[in-house]
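In case you want the letters, here they are:
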Amino acid sequence: MSDALLIADAVSKKFGGVQAVDRVSIEVASGSIHAVIGPNGAGKTTFFNTLSGFFFPDSGTVWFDGVDITNETNWRRIKRGMSRTFQTPSIFPELSVYENLLIGTQAKRGVAFRLNSPSAKARGEIDARVDELLGFVGLAAAKSRTVSELSHGSQRLVEIAMSLSTEPKLVLLDEPMAGLAEAETDRVIAVIRDLHERLGLTVVFVEHNMRVVLSLAHRITVLDRGRLLAEGTPAEIAADEAVRDAYLGKEVIDHV
Ligand SMILES: Nc1ncnc2c1ncn2[C@@H]1O[C@H](COP(=O)(O)OP(=O)(O)OP(=O)(O)O)[C@@H](O)[C@H]1O
Ligand SMILES: [Mg+2]
């Protein structure tokens, strides 16, 4: 019996004439950090979308926690314990950090969403949970700030905190460090590491920066033009000739 929390077997997805994902398989071990890398247009986001239920694959199978979820809606998957962030931030910039977190936390409880008037009974529990999530990502002091005023790195952390508000077992992060300066990248790295070390969650993330990928991931899946190019440990991927030729360039890996 495999200890994989998430398995995709030969998943394919086509858009018109573009075979965006072509028979890609992955096995994500429970409690691990797994990176998905590859050049622009390799199919990483599309693959994520088939895992999270944002798109259904044309063929192939996805299992989560031993259950075939291939044709389940995104909402069902969230209820099973799957959560994701998007390559384009999906937070509410004009709302406060607290209000953003309130949205996810209320949704999890099945409370009808009312920004200003959650029931008094639920309010205390929800506030405690929001404080816990903000503390976890190091944003307790920013609770009342409007999200658009925060740095990009802090906005990414709000998004990660929101993804935790549904109490997931698995978090899918699509380029959580994209466009961040190095110091901010390090904050996000630390939080992702904590998802694994402190919360015991399983993390799958897409990232272009090889320094980040090789330091954070336990296993790496490499996509290229919709196909699975390689899969292995950071050391195996760094040494893989096909990966170096197709994507990374020797100089990138030699500097890690
Ligand atoms: N909704 C869509 N409709 C049509 N084509 C799409 C759609 N989404 C993605 N594609 C195409 O599928 C291919 C894979 O795109 P995808 O966004 O999955 O790649 P990616 O690896 O995430 O790239 P990036 O690193 O730029 O984020 C590309 O050729 C893209 O143009
Ligand atoms: Mg993408």
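The coordinates are above.
Residues numbered from 1 in each chain as written. Chains lettered and ligands numbered in written order. Predicted model: local features only at pLDDT ≥ 70, side-chain atom pairs only at ≥ 80, totals over all residues.

Draft legend 1. Highlighting the site of ligand 1. With respect to spatial proximity, the complete set of residues near ligand 1 consists of F15, V18, A20, G38, N40, G41, A42, G43, K44, T45, T46 and Q87. For the shell around ligand 1, the secondary-structure elements that each account for two or more residues are β2 (18-29) and α1 (44-52). Among the elements that line the shell around ligand 1, the one with the most residues is α1, at 3 residues. Here the residues of the shell around ligand 1 sort into 4 nonpolar, 7 polar and 1 charged. (Near = placed C-beta within 6 Å. Helix = DSSP H or I, 4+ residues; strand = E, 2+ residues; numbered from the N terminus. Nonpolar A, V, L, I, M, F, W, Y, C, P; charged D, E, K, R; others polar.)

Draft legend 2. Summary view of the pairing of strand β1 (residues 4-15). Two strands pair when backbone bridges link them, and β1 and β2 are joined in this way by 8 bridges, in the antiparallel orientation. Bridge assignment links V11 to a residue of β2, and that residue is V24. Hairpin remark: β1 followed by β2, antiparallel, with 2 residues in the connecting loop; positive phi at G16, about 55°. In this sheet, strand β4 (residues 59-64) lies alongside β1 in antiparallel orientation, the contact comprising 5 bridges. Across the sheet, D9 pairs through a bridge with T61, a residue of β4. (Pairing = 2+ DSSP bridges.)

Draft legend 3. Seen up close, the sheet that holds β1. If you walk across this open sheet you meet the 4 strands as β2-β1-β4-β5, and the pairing is antiparallel. Single-partner strands in this sheet number two, and they are β2 and β5 (67-68). Where β4 lies against β5, 2 bridges are found, and the strand directions are antiparallel. When the sheet's bridge partners are listed, W63 is paired in β5 with D68. Contacting β1, β2 and β4, α1 runs over the sheet at an angle of about 120° to β1. (Contact = placed C-beta atoms within 7 Å. Axes fitted to C-alpha atoms, helices over the stretch in contact; angles between N-to-C directions.)

Draft legend 4. Structural detail: the sheet that holds strand β10 (residues 227-232). Spatial strand order, β6-β7-β8-β3-β9-β10: 6 strands in an open sheet with mixed pairing. With one partner strand each, in any of the chains shown, β6 (82-85) and β10 form the two edges of the open sheet. On average, each strand axis in the sheet is tilted by 15° relative to the strand beside it, whichever way the strands run. In this structure, β6 lies alongside strand β7 (residues 170-174), joined through 4 bridges in parallel fashion. Opposite M82, over in β7, you have L170 as the bridge partner. Packing against the sheet, helix α5 (residues 152-164) makes contact with β6 and β7, and its axis sits at approximately 165° to β6. Docked against the sheet, helix α6 (residues 182-197) engages β3 (33-37), β7 and β8 (202-206), running at close to 150° with respect to β8.

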